[in-house]
Amino acid sequence: MVLISAVRDYISRMLQDISGMKVLILDSHTVSIVSVVYSQSELLQKEVFLVELVDSISMSKESMSHLKAVYFLRPTSENIQHLRQQFASPRFGEYHLFFSNILKDTQIHILADSDEQEVVQQVQEFYADFVAIDPFHFTLNMSSNHIYMLPAVVDPSGLQHYCDRVVDSIGAIFLALKRRPVIRYQRTSDITKRIAHETLKLMYQQESGLFDFRRTEVSPLLLVVDRRDDPVTPLLNQWTYQAMVHELIGIQDNKVDLKNIGKIPKDQQEVVLSSEQDAFFKANMYENFGDIGMNIKRMVDEFQQISKSNQNILTVEDMAKFVDNYPEYRKMHGNVSKHVTMVTEMSKIVEERKLMLVSETEQELACNGGQVAAFEAVTNLLNDESVSDIDRLRLVMLYALRYEKESPVQLMQLFNKLASRSAKYKPGLVQFLLKQAGVDKRIGDLYGNRDLLNIARNMARGLKGVENVYTQHQPLLFQTMESINKGRLRDVDYPFIGNHFQQGRPQDVVIFIVGGTTYEEARAVALQNASNSGIRFILGGSVVLNSKRFLKDLEEAQRINRTSPNVV
């Protein structure tokens, strides 16, 4: 519960100490931070009668002196400007300012100078500068996520802004956990090195007093890695519930937009998918698709039993009982129809795009050897009219990542076939992926064929057979966590930064993936934490990827790379 409860605790403290009717004023970042951990009904219970965005509040002149304004904002210069304007002609009775991260001294002076009418009651820093989508998984929803793929010379200020945002949020995570970590990064990635250096500077120099918590015997570990070390995971189709919903429909801040899916009642067009608010989802989020269908059927059967008993209303007592239970009944009704709608829609997509066929080949490419059979399978799918363009592209990418050195001639044949079959894809995108994340750029043992131990493990897995052919892939992150558990994460691949080294096994590990996480990796972290190994892992990233978003970032980086005069 660690991340969600930390953010919930901050928001509760913000709201409960201020009595009376309140308006909560957020920015485009903090609206996500609040919405994933606090429901609207919970805000109402705290006497929040209005939620507004800080830039739209600036437009309005209507006086609301009966309301107390609670601001929760990121400490950006734009937000400080908004506050300056709003203090010039105050609309609310009181102003309570909370910032999601560390304020600069200059910003505090600007706020003090602007508050001529002395309406500001308090200014505080509450370190919740991250979107806690699950108990052990956070994201930053960064819009220009492709920047991590560009050389530093292409857009220096964009890259600086990107790194600042990551460093700020990592700082907030550790302030919320009340810990100061030792820091390691991925040797082959310039951007992870830069982020690690800047985080070290923040925690051990600029704000060393703020991070000076009571020492634990073994410091926590912050490990900064690059998405490009495992480009396979975000390219794969998913077959466990949460990951599959994001891959086929899309999840944003734990909400799923179902507007484009046939005729759906208005109250079901956007649904919440949160392990905190939905017991069925919590129990099934990591289950595979086949089991989900059975479990939903069971839930529907239970609901029908309750509906039948509700139809037998014969006495006034029965009616009173029904009215008492009605909110619960309605909630259950909404929940049943939400999950039925999503699973029905996903089944339809699986059928239309022949995803079971496609996914079998994807998993073979990701997990097993056999180049000749793989080439034949990919060629057959490229020739299949019912396979969609995006699936063809992903198959060629997965083949290229696996066999770029072994079969350049066949790879060229696949490039040509893809170009003739799916003309809408920009030429060179697969080659650009290899430039970004090919075998020469990676240090992780992505296919388990570099390390003797991994080769043996893969052979053993092959002999035992796989429980489910569609979920046999394990992300590289799984191996990384295993190495940390056994104290075997190689210093040469993941150097420490500063004069800080790890003595013994850490109890807390935060792994930040520059370029974004996936729900498959979040599942691996949750299962690892459930195994009680004595280490608590937390996963964070710049965005939560599905294959569509990963390809969009790749295309955008390729476009800028082509047009930039600074790229050699």
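The sections below set out a description of the structure shown in this document. For every chain, the first residue of its written sequence is number 1, and the numbers climb from 1 along that sequence. The predicted nature of this model means local features are confined to residues of pLDDT at least 70 and side-chain atom pairs, given and counted, to a pLDDT of 80 or more, with totals for whole chains, interfaces and linings taken over all residues. The basis for the side-chain values is all heavy atoms of the structure; hydrogens and waters are excluded.

Digging into the overall build of the protein chain
Broken down by element type, the protein chain carries 21 helices and 13 strands. Relative to the 2.2 N^0.38 estimate, which gives 24 Å for 568 residues, the radius of gyration of the protein chain is 26 Å and therefore close to what a compact globule would have. Between buried and exposed lies partly exposed: a residue is buried under 20% and exposed over 50% of the maximum accessible area for its type, with that area taken using a 1.4 Å probe on protein chains only. Taking all 568 residues of the protein chain together, the buried fraction comes to 53%. Working definition of accessibility: Shrake-Rupley area with a 1.4 Å probe, residue cover restricted to the visible protein chains. If you sum the accessible surface of the protein chain, you get close to 26700 Å²; carbon and sulfur atoms cover 51% of it. In this tally, Lys and Arg are treated as positive and Asp and Glu as negative; His is ignored, and so are the chain termini. By convention, the charge on Lys lies at NZ, on Arg at CZ, on Asp at CG and on Glu at CD. Of the side-chain charges in the protein chain, 64 are positive and 70 negative, and the distance between the mean point of each set is 3 Å. The secondary structure listing takes helices from DSSP runs of H or I that are at least 4 residues long and strands from runs of E that are at least 2 residues long, numbered from the N terminus. Using C-alpha atoms as the atom set, the radius of gyration is obtained and then compared with a globule rule of 2.2 Å times the number of residues to the power 0.38.

Thoughts on the sheet that holds strand E4 (residues 92-99)
By this definition, two strands are paired if DSSP reports at least two bridges between them. Strand order in the open sheet formed by five strands is E2-E1-E3-E4-E5, with parallel pairing between adjacent strands. A single partner strand is all that each edge strand has here, and the edge strands are strand E2 (48-53) and strand E5 (120-125). When strand polarity is set aside, the average angle formed by the axes of neighbouring strands in this sheet is 20°. Both E4 and E5 contribute to a ladder of five bridges, which runs parallel. Residue pairing for E5: His96 is matched across the bridge by Gln122. Most of the contacts of helix H1 (residues 2-16) go to strand E3 (residues 64-73), to which it runs at about 160°, and overall it touches strand E1 (22-26), E2, E3 and E4. For every element, the axis is a line fit to its C-alpha atoms; helices are fit only across the contacting stretch, and the angle between N-to-C directions ranges from 0 to 180 degrees. Contacts between residues were defined by any pair of non-hydrogen atoms, one from each residue, lying within 4.5 Å.

Examining the pairing of strand E9 (residues 221-226)
Of all six residues in E9, six are buried; the element is thus mostly enclosed. Across the two faces of E9 the burial is the same, with Leu221, Leu223 and Val225 and Leu222, Val224 and Asp226 all buried. When the strands point away from the viewer, a crossover counts as right-handed if the path from the first strand over the helix to the second runs clockwise. On the question of chirality, the crossover connecting strand E8 (residues 182-185) to the parallel E9 by way of helix H8 (residues 190-206) is left-handed. Sheet analysis places E9 next to strand E12 (residues 508-514), joined by six bridges and oriented parallel. Along E12, the bridge assignment pairs Asp226 with Val514.

Looking at the environment of Leu50
Following the sequence through the fold, Leu50 ends up in strand E2. In this structure the C-alpha to C-alpha distance between Leu50 and Lys22, which are 28 residues apart in sequence, comes to 7.1 Å. Leaving out residues up to four positions away in the same chain, Leu50 has contacts with Lys22, Val23, Leu24, Met64 and Leu67.

Some details on the packing of aromatic side chains
Paired rings are identified among Phe, Tyr and Trp, the last through its six-membered ring, by centres lying within 6.5 Å, and are further divided according to the angle between planes into stacked (under 30 degrees), edge-to-face (over 60) and tilted (the rest). Enumeration according to the criterion identifies 12 aromatic pairs in this entry. Ring centres of Phe375 and Tyr399 lie 6.2 Å apart, and the angle between their planes is 55°; on these two criteria the pair is classed as tilted. One end of the pair, Phe375, is in helix H14 (residues 371-383); the other, Tyr399, is in helix H15 (residues 389-403), with 24 residues separating them in the sequence. Joined through ring pairs, the aromatic side chains of Tyr71, Phe87, Phe92 and Tyr95 make up one cluster. Working rule: Lys NZ or Arg CZ, within 6 Å of ring centre, within 35 degrees of ring normal, means a charge sits over the ring. Directly above the aromatic system of Tyr204 lies the positively charged group of Arg180, at a separation of 4.6 Å from the ring centroid.

Topic: unusual backbone geometry
A positive phi angle is found at Asn254, which is not glycine, with a value near 60°. Within the secondary structure layout, Asn254 lies in the loop between helix H9 (241-248) and strand E10 (255-257).

Some words on the packing of H15 against helix H17 (residues 429-437)
Contact geometry of H15 with H17 gives a least axis separation of 10 Å together with a crossing angle of 40°. By the criterion of interaxial angle, the relationship of H15 to H17 is oblique. Relative to H17, H15 is oriented so that their crossing is right-handed. Contacts between H15 and H17 involve Leu393, Val396, Met397, Ala400 and Leu401 on the former and, on the latter, Leu429, Val430, Leu433, Leu434 and Ala437. Under the scheme applied, nonpolar residues are Ala, Val, Leu, Ile, Met, Phe, Trp, Tyr, Cys and Pro; charged residues are Asp, Glu, Lys and Arg; polar residues are all the others, including Gly. Of the residues that constitute the contact of H15 with H17, the class distribution is 10 nonpolar, no polar and no charged. The labels follow the angle: roughly parallel below 35 degrees, roughly antiparallel above 145, roughly perpendicular from 65 to 115, and oblique for the rest. The hand of a helix crossing depends on one turn: near helix anticlockwise from the far one by less than a right angle means left-handed, and clockwise means right-handed.

Quick word on a nonpolar patch on the surface
Taken together, the side chains of Met21, Leu44 and Phe49 make up a nonpolar region of the molecular surface, amounting to roughly 290 Å² of accessible area. For Met21, the position within the fold is in the loop between H1 and E1. A patch consists of residues whose relative accessible area exceeds 30% and which take part in no salt bridge; residues with like charges are grouped when within 9 Å of each other, and nonpolar side chains (Val, Leu, Ile, Met, Phe, Trp, Tyr) when within 5 Å. Each salt bridge in this description consists of a side-chain nitrogen of Lys or Arg and a carboxyl oxygen of Asp or Glu lying within 4 Å of one another.

Describing the packing of H14 against H15
At their nearest, the axes of H14 and H15 sit 10 Å apart, and the two run at 165° to each other. On the basis of the axis angle, H14 is roughly antiparallel to H15. The interaxial crossing formed by H14 with H15 has left-handed handedness. In this structure, H14 contributes Gln371, Ala374, Phe375, Val378, Leu381 and Leu382 to the contact, and H15 contributes Arg392, Leu395, Val396, Tyr399 and Tyr403. Partitioned by chemical class, the residues of the contact of H14 with H15 number nine nonpolar, one polar and one charged.

Comments concerning the nonpolar core
Generally speaking, soluble globular proteins have nonpolar side chains that are buried together. The criterion is simple. A nonpolar core is a set of buried Ala, Val, Leu, Ile, Met, Phe, Trp, Tyr and Cys residues joined through side-chain atoms within 4.5 Å. Ranked by internal contacts, the top residues of the largest apolar core, which has 141 residues, are Phe130, Phe138, Ile195, Tyr241, Met397 and Tyr399. For Ile195, the residues in contact, after removing those within four places along its chain, are Cys163, Val166, Val167, Ile170, Val224 and Val514. Ranked by size, the runner-up nonpolar core spans 20 residues in total, among them Val225, Ile511, Ala524 and Val525.

Topic: helix H21 (residues 547-563)
It helps to recall that an α-helix has 3.6 residues per turn; residues three or four apart then point in one direction. Expected span, for any helix, means 1.5 Å times one less than how many residues it has. A rise of 1.5 Å per residue sets the reference length of H21, with its 17 residues, at 24 Å; its end C-alpha atoms lie 25 Å apart and thus fit the reference within 8%. All of the buried residues along H21 are Ser547, Phe550, Leu551, Asp553, Leu554, Ala557, Gln558, Ile560 and Asn561.

Examining the sheet that holds strand E6 (residues 131-134)
Read across the open sheet, the six strands follow the order E6-E7-E13-E12-E9-E8; overall the sheet is mixed. Each having just a single partner strand, E6 and E8 make up the two edges of the open sheet. The sheet shows a mean angle of 25° between the axes of neighbouring strands, direction not considered.

Overview of the pattern of salt bridges
On inspection of all chains with the given rule, the structure shows 27 salt bridges. Across the salt bridge formed by Arg165 and Asp129, the nearest N and O atoms sit 3.6 Å from each other. Of the two residues, Arg165 sits in helix H7 (residues 156-177) while Asp129 sits in the loop between E5 and E6, which places them 36 residues apart along the sequence. For the residue pair Arg165 and Asp129, the accessibility class agrees, reading buried in each case. With a shortest N-O distance of 3.4 Å, Arg187 and Asp493 are connected by a salt bridge.

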